[in-house]
Amino acid sequence: MTTAVGWAPDHGAAAYDEMHDGTGVRPEYDALQASLDALDGTDLRSRIDTLAASYLDQGVTFDIGGEERAFPIDILPRIISADAWHRIDAGVQQRVRALEAFLADAYGVGRVFADGVVPRSAVVSSGAFNREAAGIAPVNGVRCHVAGIDLIRDEQGRFLVLEDNVRVPSGVSYVMTNRRAIGAVLPEAMSAHRIRPVAGYPQALLAALRAAAPAGVTDPTVVVLTPGVHNSAYFEHALLARTMGVELVEGRDLECRRGRVLMRSTRGLEPVHVIYRRVDDEFLDPVQFRADSMLGCPGLVNAARAGNVTLANAIGNGIADDKLIYTYVPDLIRYYLAEEPLLPNVDTWRLADETAREEVLDRLGELVLKPVDGSGGKGIVIGPAASRVELDQLRADICSRPRAWIAQPVVSLSTVPTYADGAMRPRHVDLRPFAVNDGDRVWVLPGGLTRVALPEGELIVNSSRGGGSKDTWVLAGRTRDGSTERAVPHSGTAPAEPTPQVAGPALSDLTGRQAQQEQQQQAGPLPGEASC
């Protein structure tokens, strides 16, 4: 038998290699490498082909320029040790608690402005600031029912926060489908590890949504509001609704009467109490936002203001996703929580500051420039890779709209071996852990979505730039009371409940509704809409 896997750990770059430490394999990857080295080449190739075919058959696809493609998943999972995960877990919880406090304050009394922690102008000048959110008090104080905090590892292996996503962070469906898919093709490797499970996410989300029900409602009706089948994240909307056991609805399925939301069903109109909405603010309610929206329902905002329905996540959360506000989050943690940040930010220049702007303009060719409201990697300029013309255009735009940009140093993202050209080769990755807040506790799903930039040397992990994903294994460790964290031994069998078949959208007959479904996107990591 010939060894299947050729390993190419020496990438000749400064990036942190998560599997190899220069002298050998890191301990958390020992068993995985042994499992893969035990395969012969034909077997490995067969498993890789099976993995790719399973995603295509299940409709796990994404849209690039109107073309549906299977979402690439790499056969080699990423492994995070128990100690490293404990730091991530605590840091994400801390960040979500601070952002919750900030959003309540920013749309409330504004103490953070009066105390000079964040300039009021930085918030009200954000394109995501919605005055309509003022005065809407969440029942249990939660505005960020779901949060996705994007992390990277720098050259020293430290986890840094790249950006926050508390509008409608997406991508968790791939965390669950990746786990099932890898379990089917690498059962022996999975059984050799104690891996913390991810299958409980829908139940945790449903519990958080039910906890947010209006006062006096003991058995709330929860629905998932989707823009429709032409949205690139529709696969996720359908999966979450099915696994939570709730209805998947579009705006035309809802009706507001006398400040209450009703759902059309075969049994007639039924009350709705909690809406997990996957529709952007601007499309949510044509009475309050875009009058031409065909995706929302007239009257939703007033129903929420009256306390008769809860919108999850809350309207107006986008100010916390603004990359200018991101630069203040460490200060927000100190201000609201009286704690030091457990997960540091990437060093960032605020270009509205004249001194910082002058320094950045002198170093444009060395830095990464990002639009503060960008998503999906759109608009990012990597200075060392930009042409003179691009830098000149960027310089002019920064001078005319300094609030619209931030600058960061080029961080060489960590690498994890990825199957490419017949061998395991280093490719850059990031990580989006997902947190669910039920008002009593911020729970972080052990794992998260690892995105991988498949082209050699590529630093942008978006699928629209040729990226894919990896299953993320968080190893079980010891809890504070000395017991072992829950891990589910894998049987190696196919899941009892297969992923639903979700067809991709038709590519013809574009209507106004379809165009809006495709247009409305969130700053999320889904294929085609992932942020850098």
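Quick caveat: nothing in here was measured; it's all calculated off a predicted structure.

Novice: How should the overall build of the chain be read in this particular structure?
Specialist: For the chain, the helix and strand inventory stands at 17 helices and 23 strands. Counting every position in the chain, which comprises 532 residues, the buried fraction comes to 58%. Total accessible area computed for the chain in this model is approximately 21,000 Å², and 50% of it derives from carbon and sulfur atoms.

Novice: Any chance you could explain the packing of helix 6 (residues 172–185) against helix 9 (residues 234–244) here in plain terms?
Specialist: With their axes 9 Å apart at the nearest point, helix 6 and helix 9 run at an angle of 75° to one another. For the element pair helix 6 / helix 9, the angle class is roughly perpendicular. Across the interface between the two elements, Val172, Ser173, Tyr174, Met176, Thr177 and Arg180 of helix 6 pack against Phe235, Glu236, Leu239 and Leu240 of helix 9. Residue composition of the contact of helix 6 with helix 9, grouped by class: six nonpolar, two polar and two charged.

Novice: Explain helix 15 (residues 354–362) here, please?
Specialist: Within helix 15, the full set of buried residues consists of Ala356, Arg357, Val360 and Leu361. Looking down the long axis of helix 15, one finds its buried residues gathered within 130° of arc, a one-sided arrangement. Exposed positions of helix 15 whose direction lies more than 90 degrees from the buried face are Glu354, Thr355 and Asp362. Each element contacted by the buried residues of helix 15 is listed here: strand 13 (349–350), strand 14 (367–371), helix 16 (388–400) and strand 16 (405–409).

Novice: Whenever I open this one, the sheet that holds strand 9 (residues 260–265) confuses me. Can you help?
Specialist: Sheet strands associate in pairs through backbone hydrogen bonding, adopting either a parallel or an antiparallel arrangement. Spatial ordering of the open sheet is given by 8-9-10, a layout of three strands whose pairing is antiparallel. Looking along the sheet, the strands with just one partner apiece sit at the ends: strand 8 (254–257) and strand 10 (268–272). Adjacent strand axes in the sheet meet at a mean angle of 40°, parallel and antiparallel pairs treated alike. Alignment of strand 9 against strand 10, held across five bridges, turns out to be antiparallel.

Novice: Teacher, can you tell me more about the environment of aspartate 392 here?
Specialist: Secondary-structure assignment places aspartate 392 in helix 16. Linking aspartate 392 and leucine 364, residues 28 residues apart in sequence, is a C-alpha distance of 9.4 Å.

Novice: Explain the pairing of strand 4 (residues 146–153) here, please?
Specialist: Walk down a regular strand and you will see the side chains alternate between the two sheet faces. Most of strand 4 is tucked away, with eight of its eight residues classed as buried. Burial along strand 4 is two-sided: the residues Val146, Gly148, Asp150 and Ile152 and Ala147, Ile149, Leu151 and Arg153 are all buried. Sheet topology note: the strand 4/strand 19 (residues 434–437) ladder contains three bridges and is antiparallel. Residue pairing for strand 19: valine 146 is matched across the bridge by valine 436.

Novice: Could you clarify how one ought to interpret the packing of helix 8 (residues 201–211) against helix 9 in this entry?
Specialist: The description of two helices packed together rests on the angle between their axes and the distance between the axes. Where helix 8 meets helix 9, the closest approach of the two axes is 9 Å, and the angle between their N-to-C directions is 80°. Regarding the angle of helix 8 to helix 9, the classification is roughly perpendicular. Contacts between helix 8 and helix 9 pair Tyr201, Pro202, Gln203, Leu205, Leu206 and Leu209 from the former with Leu240, Thr243 and Met244 from the latter. Across the contact of helix 8 with helix 9, the residue classes break down as seven nonpolar, two polar and no charged.

Novice: Explanation requested: unusual backbone geometry in the structure shown.
Specialist: Glycine aside, negative phi is the norm for most residues, and most peptide bonds take the trans geometry. In this chain, alanine 312 is followed by asparagine 313 through a cis amide linkage whose omega measures -5°. Of note, asparagine 313 is situated in the loop between strand 12 (310–312) and helix 12 (318–321). Within the chain, alanine 338 stands out as a residue other than glycine whose phi angle is a positive 55°. Summarising the element assignment, alanine 338 is placed in the loop between helix 14 (329–337) and strand 13. According to the relative accessible area criterion, alanine 338 is exposed, its value standing at 69%. Positive phi values are uncommon outside glycine, yet aspartate 421 reaches one of about 55°. Positionally, aspartate 421 belongs in the loop between strand 17 (415–420) and strand 18 (423–432).

Novice: Teacher, can you tell me more about the side chain of arginine 277 here?
Specialist: Along the chain, arginine 277 turns up in strand 11 (residues 274–277). You can call arginine 277 buried: its relative accessible area is 2%. At 2.7 Å, the side chain of arginine 277 and the backbone oxygen of valine 279 are in polar contact. Beyond its immediate stretch of four places on either side in the chain, arginine 277 contacts Val168, Leu225, Leu284, Ala312, Asn313, Ala314 and Ile315.

Novice: Looking at this structure, how should I read a negative patch on the surface?
Specialist: Together, Asp353, Glu354, Glu358 and Asp362 give the surface a local cluster of negative charge. Tracing the backbone through its elements, the reader meets glutamate 358 in helix 15.

Novice: Looking at this structure, how should I read the nonpolar core?
Specialist: Grouped burial of nonpolar side chains is what soluble globular proteins tend to show. Ranked by internal contacts, the top residues of the largest apolar core, which has 75 residues, are Phe102, Val118, Leu254 and Ile275. The biggest single contributor to this core is helix 3 (residues 82–106), with ten residues. Setting aside chain neighbours within four positions, we find isoleucine 275 in contact with Val223, Leu225, Leu254, Val261, Leu300, Val309, Thr310, Leu311 and Ala312. Core analysis: the second largest hydrophobic core is formed by 57 residues, Met176, Ala241, Leu445 and Leu475 among them.

Novice: Hey, could you run me through the confidence of the model for the chain in this one?
Specialist: Detailed reading of the predicted model is not advised wherever pLDDT is low. The predicted model of the chain has a mean per-residue pLDDT of 87, with 85% of residues at 70 or higher. Note on residues 488–510: pLDDT under 50 across the span, and 40 contacts to partners over four residues away in sequence or across chains. When the criterion is pLDDT under 50, residues 521–532 qualifies, and its contacts beyond four places in sequence or with other chains add up to 65 contacts.

Novice: Before we go on, may I ask you to explain the pattern of salt bridges in this structure?
Specialist: This model, assessed by the stated rule, comprises 30 salt bridges. The salt bridge involving aspartate 150 is made with arginine 451; its shortest N-O contact spans 3.8 Å. Of this pair, aspartate 150 sits in strand 4 while arginine 451 sits in strand 21 (residues 449–453), placing them 301 residues apart in sequence. Of the residues examined, arginine 451 reaches a relative accessible area of 3% and is grouped as buried.

Novice: Would you explain the side chain of aspartate 471 in this entry?
Specialist: In this structure, aspartate 471 sits in the loop between strand 22 (467–470) and strand 23 (472–474). Its relative accessible area of 1% is what places aspartate 471 among the buried residues. A distance of 3.0 Å separates polar atoms of two side chains, one belonging to aspartate 471 and the other to arginine 179. With residues up to four places along the chain from it excluded, the contact list for aspartate 471 reads Pro77, Arg78, Val175, Asn178, Arg179, Ile182 and Met190.

Procedures and definitions
- Residues numbered from 1 in each chain as written.
- Predicted model: local features only at pLDDT ≥ 70, side-chain atom pairs only at ≥ 80, totals over all residues.
- Heavy atoms only, no water.
- Helix = DSSP H or I, 4+ residues; strand = E, 2+ residues; numbered from the N terminus.
- Buried < 20%, exposed > 50% of the residue type's maximum accessible area, 1.4 Å probe, protein only.
- Areas by Shrake-Rupley, 256 points an atom, 1.4 Å probe, with all protein chains shown as cover.
- Axes fitted to C-alpha atoms, helices over the stretch in contact; angles between N-to-C directions.
- Parallel < 35°, antiparallel > 145°, perpendicular 65-115°, else oblique.
- Contact = heavy atoms within 4.5 Å.
- Nonpolar A, V, L, I, M, F, W, Y, C, P; charged D, E, K, R; others polar.
- Arc of directions from axis to C-beta.
- Pairing = 2+ DSSP bridges.
- Polar contact = N/O pair within 3.5 Å; in protein donor to acceptor, adjacent residues only side chain to side chain.
- Patch = residues over 30% accessible without salt bridge, like charges linked within 9 Å, V, L, I, M, F, W, Y side chains within 5 Å.
- Salt bridge = Lys/Arg side-chain N within 4 Å of Asp/Glu carboxyl O.
- Lys, Arg positive; Asp, Glu negative; His and termini not counted.
- Charge placed at Lys NZ, Arg CZ, Asp CG, Glu CD.
- Core = buried A, V, L, I, M, F, W, Y, C linked by side-chain atoms within 4.5 Å.
- pLDDT = per-residue confidence, 0-100.

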